[in-house]
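# Remarks on the overall topology
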Amino acid sequence: MKLTKTLMATSCLTLTATLAFADGHMADEMTIVSWGGAYSASQQAAYHDPYAEMTGVNIINDESSAEAVAKLRAMNEAGNVTWDVVDVVASDAIRLCDEGLALEIDADEQLANGDDGSTASEDFGDLLVSDCFIPQIVYSTTVGYRTDLVGDTPPTEICAIFDTEAYPGMRSLEKRPIGNLEWALLCDGVAKGDIYDVLETEEGQAQAFAKLDTIKDSVIWWTAGADTPQLLADGEVIMGSTYNGRLFSLIEEQDQPVAMLWDAQVFDLDGWIIPTGLSPEREARALDYVRFATDTQRLADQAKYISYGPARQSSAPLVGQHATLGIDMAQHMPTDPANATNTFLYNYEWWADYRDDLDAKFQAWLSQ
């Protein structure tokens, strides 16, 4: 009964928002939440600026996506949702949708068709992993290293992170269990296809933390995507994990002595959700924005500024050169065949189920 009421309420809100949109009653200001740094800059150029110019809406940027789940839970509890559109990873979108904190979207009714004539659901395909998730990019978490600090034998495999003898110095890793636990098991001899089965067990989790123990004193833990690029640029770490687009910016745009390690890059999806609890006017504006920002041309446009693969199939042929550097962007995408010889497919559904528990265990481990 509770689920039925929730679905009815959501349907009513969506209908009300659609009617408000039809009458032209949309909010003239909106807060869009994302990750900051080079990624937010790419969204500003590809989505925000052209949308603001077209509509006159004032867009306020917030860089709190790393805390999106906790903050939206708190806003919902307080009955005061101040965000309009939120950029999240797929597993967080699934959690927010399951908890009724994100609006359900009918892709074919509320998102643009592909420029090739496909419907939105055909164009996004398997990347529509949740009824609330509006895909934007395919990206990867990978590792960058200082080319001037690794000697004559630069690393070629992900397990170099754990090899402090061959590559002494500080590393940077994200301050969360995702990615780190998978890499730890992979570098402790667990077969790639068995990682999540092992990680479901207490013994498997203990094994992963034990492997991380071997480098714990040599790690700087980061929380923002811009942290590792800055640490690498400053020479404070010899290698570190971050998103491939941040490393592209560091290497190609800033010309730093850094190279990318594509081995066992962790593929993931990123996209938008619209929080529940918005007024009809704000919801209508949010829906209008995401329809614009995720059409074929806009997703291709973002690839002019950062090396993330657009989520629409129809956008791929439109990916061309970098907006200012004039270099071909396709070869810098995580999906390029030369970069994807050994990828690790992040299981966002698994993490949606286990994230809260492993977050708590990870934080407890860090404090030991």
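Structure: above.
Quick caveat: nothing in here was measured; it's all calculated off a predicted structure.

What counts, and where the lines are drawn
Residues numbered from 1 in each chain as written. Predicted model: local features only at pLDDT ≥ 70, side-chain atom pairs only at ≥ 80, totals over all residues. Heavy atoms only, no water. Buried < 20%, exposed > 50% of the residue type's maximum accessible area, 1.4 Å probe, protein only. Helix = DSSP H or I, 4+ residues; strand = E, 2+ residues; numbered from the N terminus. Right-handed = clockwise from strand over helix to strand, strands pointing away. Pairing = 2+ DSSP bridges. Disulfide = S-S within 2.5 Å. Axes fitted to C-alpha atoms, helices over the stretch in contact; angles between N-to-C directions. Parallel < 35°, antiparallel > 145°, perpendicular 65-115°, else oblique. Left-handed = near helix turned anticlockwise from the far one by under 90°. Contact = heavy atoms within 4.5 Å. Nonpolar A, V, L, I, M, F, W, Y, C, P; charged D, E, K, R; others polar. Phe/Tyr/Trp six-rings, centres within 6.5 Å; stacked < 30°, edge-to-face > 60°. Patch = residues over 30% accessible without salt bridge, like charges linked within 9 Å, V, L, I, M, F, W, Y side chains within 5 Å. Areas by Shrake-Rupley, 256 points an atom, 1.4 Å probe, with all protein chains shown as cover. Salt bridge = Lys/Arg side-chain N within 4 Å of Asp/Glu carboxyl O. Lys, Arg positive; Asp, Glu negative; His and termini not counted. Charge placed at Lys NZ, Arg CZ, Asp CG, Glu CD.

## A few points about the pairing of strand β1 (residues 29-33)
- For β1, a buried count of four out of five residues is recorded, marking the element as mostly surrounded by other parts of the structure.
- Read from β1 through helix α2 (residues 37-55) to strand β2 (residues 58-62), the crossover connection turns out right-handed.
- Across two bridges, the pairing between β1 and strand β3 (residues 85-89) is parallel. Within β3, the position partnered with Val 33 by the bridge is Val 86.

## Quick word on the state of the cysteines
- In total, this model carries two disulfides according to the counting rule given.
- Note on cysteine connectivity: Cys 97 is disulfide-linked to Cys 132, with sulfurs 2.0 Å apart. On the sign convention where negative is left-handed, the bridge of Cys 97 and Cys 132, at about 60 degrees about the S-S bond, is right-handed. Placement of Cys 97 in helix α4 (residues 90-98) and of Cys 132 in the loop between α6 (120-124) and β4 (134-146) is noted, with a sequence separation of 35 residues between them. Exposure class is identical for Cys 97 and Cys 132. Each is buried.

## Some details on the packing of helix α3 (residues 68-78) against α4
- Between α3 and α4, whose axes approach to 10 Å, the crossing angle comes to 20 degrees. By the criterion of interaxial angle, the relationship of α3 to α4 is roughly parallel. In this structure, the crossing between α3 and α4 has a hand that is right-handed. Across from Val 69, Leu 72 and Arg 73 in α3, the residues of α4 making contact are Asp 92, Arg 95 and Leu 96.
- Tallied by class, the residues present in the contact of α3 with α4 amount to three nonpolar, no polar and three charged.

## Let's talk about the packing of helix α9 (residues 202-213) against helix α14 (residues 348-367)
- Interhelical geometry of α9 versus α14 gives an angle of 35 degrees and a closest axis separation of 12 Å. Classified by chirality, the crossing of α14 by α9 is right-handed. Residues Glu 202, Gln 205, Phe 209, Leu 212 and Asp 213 of α9 form the contact with α14, whose participating residues are Leu 358, Lys 361, Phe 362 and Trp 365.
- Broken down by class, the residue content of the contact of α9 with α14 amounts to five nonpolar, one polar and three charged.

## A few points about the environment of Gly 245
- Following the sequence through the fold, Gly 245 ends up in helix α11 (residues 244-253).
- The exposure class assigned to Gly 245 is buried, which follows from its relative accessible area of 0%.
- For Gly 245, the residues in contact, after removing those within four places along its chain, are Ile 306, Ser 307 and Tyr 308.

## A few points about the packing of aromatic side chains
- Following the criterion strictly, the structure yields 19 aromatic pairs and no others.
- Ring centres of Tyr 139 and Tyr 243 lie 5.6 Å apart, and the angle between their planes is 90 degrees; on these two criteria the pair is classed as edge-to-face. Here Tyr 243 lies in strand β7 (residues 239-243) and Tyr 139 lies in strand β4, a separation of 104 residues in the sequence.
- Classification of Tyr 243 by relative accessible area gives buried; the value is 8%.
- Both rings, one in Phe 362 and one in Trp 365, keep their centres 5.7 Å apart while their planes meet at 35 degrees; by these two values the pair is tilted.

## A word on α4
- Counting buried residues in α4 gives eight out of nine residues, a clear majority hidden from the surface.
- Within the span of α4, buried status applies to Ala 90, Ser 91, Asp 92, Ala 93, Ile 94, Arg 95, Leu 96 and Cys 97.
- On its buried face, α4 sits against α3, β3, β8 (258-273) and α14.
- Positive phi appears at Gly 100, one or two residues downstream of α4, with a value of about 75 degrees.

## Some details on a negative patch on the surface
- Negative charge collects at one region of the surface, where Asp 98, Asp 194, Asp 197, Glu 200, Glu 349 and Asp 353 lie side by side.
- Here Asp 197 lies in helix α8 (residues 195-199).

## Things to note about unusual backbone geometry
- The backbone phi angle of Asp 255 is positive, close to 55 degrees, even though this residue is not glycine.
- Relative to the helices and strands, Asp 255 is located in the loop between α11 and β8.
- With a phi angle near 55 degrees, Ala 264 is a residue other than glycine that sits in the positive phi range.
- Mapped onto the elements of the fold, Ala 264 is located in strand β8.

Nothing here speaks to function; it is geometry throughout.
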